[in-house]
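Examination of the molecular architecture
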Amino acid sequence: MLILGIESSCDETSAAIVKDGREVLSNIVSTQIDIHKKFGGVVPEVAAREHLNSINLVVKEAFEKANVKPDMIDAFASTVGPGLLGCLLVGLNVSKTLSIIYNKPFIGVNHLNAHVDANFIDSDLVPPFICLLVSGGHSQIIYVKDYGSQQILAQTLDDAVGEVYDKVARLCNIPYPGGVMLDKMARLGARDAFCFPEAKVKEDEFSFSGLKTAVLRQVQKFNQDDLPKNDIAASFQETISKTLIKKLLYFSKKLNCKTLALAGGVAANSRLRERMEELKNQGYKTYAPILKYCTDNAAMVASCAYFNPIKTDDPLLLEAFSRD
Ligand code: KG4
Ligand code: ZN
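Since the structure is predicted, the reported quantities are computational estimates derived from the model, not experimental observations.

As for the pairing of strand β2 (residues 12-19)
Judged by how many residues are buried, β2 sits mostly within the fold: seven of eight residues are covered. With six bridges connecting them, strand β1 (residues 2-7) and β2 associate as antiparallel partners. Within β2, the residue paired with Ile 6 across the bridge is Ala 15. What sits between β1 and β2 in their antiparallel hairpin is a turn of four residues. Between β2 and strand β3 (residues 23-31), which follow one another and run antiparallel, lie three residues, and Asp 20 among them has a positive phi close to 50°.

Written out as structure tokens, the structure is:
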């Protein structure tokens, strides 16, 4: 089954053609990061207009790269939410229109489910498994009991992990989105240079605002020129990865499930991936999406359309939604 997926929920316009949910024939991503950099974050109105500018070209390229004609597609899919409404509408309407023109089903996809399903691409992962989803907008632990069943076990009370990365990066004068750069700097620093606190929260909660404040206090003790950026990045990254893996293991034990996965933009983080690799020596089966499928992309949307579509009688009536 060939599915064309479209993703336009935030600042990446992407189209992909995926076979049977696991084999990517094409995945074209046009990022707006450089446009939003000067504003220090994503400007929704600007993002929506940029999606409009790039969507036709991105979809055309997805067909060309896969060497597939539109009438060979079995279903057209798109992210329906959560995300920025004006942005979502672009991908959603293009996908619905294609489905009407070519008389094939439209499939709506939840962006968070899609991040989780990025783990199925080019992999042998089968449910049940527990997934740590960490992106710019969400931090959750999810129990994937079956392909179509995702249950949230824990989520953040305040900032998402990617958001904290971007805010800490800004404290260190690194432009938006700072996660990747902070990760690179962390690899050059000492993980034990600073002792940052882990939040004391309930089993089904995360909280990162205290950690953010602790980093801010430390940064304020230095002049910008003398700031030990690498050490701060490494110590911050150590605390975050420790907290996340600890909670993942807590639920692994509780549900007696030793298959674990990562998802979301922060799943690209080197320390988090390293810690997941280390778990393999302790009898766990661990998975993480290939780097290019961690941050927003349409391959994960097409994969999710195959494995875990939004269930509804008439998908063409699905409307974009901003929050989960
Ligand atoms: O999933 P994503 O592309 O967009 C959302 O749905 O939010 O995630 C983007 C987030 C940004 O906050 C970015 O800084 C973070 O993922 N990120 C990273 C890394 N790569 C991307 N954070 C830490 N380490 C990384 N290597
Ligand atoms: Zn995302």
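Considering the packing of aromatic side chains
All chains considered together, the criterion is met by eleven aromatic pairs. Ring centres 6.1 Å apart and planes at 20° place the aromatic pair Phe 194 and Phe 196 in the stacked group. Where Tyr 306 meets Phe 307, the ring centres are 5.0 Å apart and the plane angle is 90°; that geometry is what we call edge-to-face. Take Tyr 306: its relative accessible area is 33%, and that puts it in the partly exposed class. Looking at Phe 307, the relative accessible area reads 12%, which means it is buried. Here a set of aromatic residues connected by ring pairs shows up, and it is made of Phe 120, Phe 129, Tyr 147, Tyr 306 and Phe 307. Lying over the aromatic face of Tyr 284, Lys 258 brings its terminal NZ or CZ to 4.7 Å of the ring centre.

Some points on the site of ligand 1
With respect to spatial proximity, 19 residues lie near ligand 1, and among them Gly 136, Asp 166, Asp 183, Gly 265 and Asn 269 are the closest. Here an oxygen atom of ligand 1 and a side-chain polar atom of His 111 are 3.2 Å apart. When isolated, ligand 1 has an accessible area of 560 Å², and the protein chains bury 89% of it. Counting residues per element, the ones that place at least two in the shell around ligand 1 are α4 (111-117), α5 (161-171) and α6 (179-186). Residues belonging to the shell around ligand 1 are distributed by class as follows: five nonpolar, eleven polar and three charged. When residues of the shell around ligand 1 are assigned to domains, at least three map to each of domain 1 (2-119 + 294-317) and domain 2 (125-289).

A look at α6
Taken residue by residue, α6 has Gly 179, Leu 182, Asp 183, Met 185 and Ala 186 as its buried positions. The buried side chains of α6 occupy one side of the element, clustering within an arc of 165° when seen end-on. Those residues of α6 hidden inside the fold are in contact with α5, α8 (229-254) and α9 (270-279).

Quick look at the side chain of Asp 183
Topologically, Asp 183 is positioned in helix α6. Of the residues examined, Asp 183 reaches a relative accessible area of 5% and is grouped as buried. Residues contacting Asp 183, with those up to four places away along its chain left out, are Gln 237, Ala 268, Asn 269, Ser 270 and Arg 271.

What counts and how
- Residues numbered from 1 in each chain as written.
- Chains lettered and ligands numbered in written order.
- Predicted model: local features only at pLDDT ≥ 70, side-chain atom pairs only at ≥ 80, totals over all residues.
- Heavy atoms only, no water.
- Buried < 20%, exposed > 50% of the residue type's maximum accessible area, 1.4 Å probe, protein only.
- Helix = DSSP H or I, 4+ residues; strand = E, 2+ residues; numbered from the N terminus.
- Pairing = 2+ DSSP bridges.
- Phe/Tyr/Trp six-rings, centres within 6.5 Å; stacked < 30°, edge-to-face > 60°.
- Lys NZ or Arg CZ within 6 Å of the ring centre and 35° of its normal.
- Near = heavy atom within 4 Å.
- Polar contact = N/O pair within 3.5 Å; in protein donor to acceptor, adjacent residues only side chain to side chain.
- Areas by Shrake-Rupley, 256 points an atom, 1.4 Å probe, with all protein chains shown as cover.
- Nonpolar A, V, L, I, M, F, W, Y, C, P; charged D, E, K, R; others polar.
- Domains from an automatic or database assignment.
- Arc of directions from axis to C-beta.
- Contact = heavy atoms within 4.5 Å.

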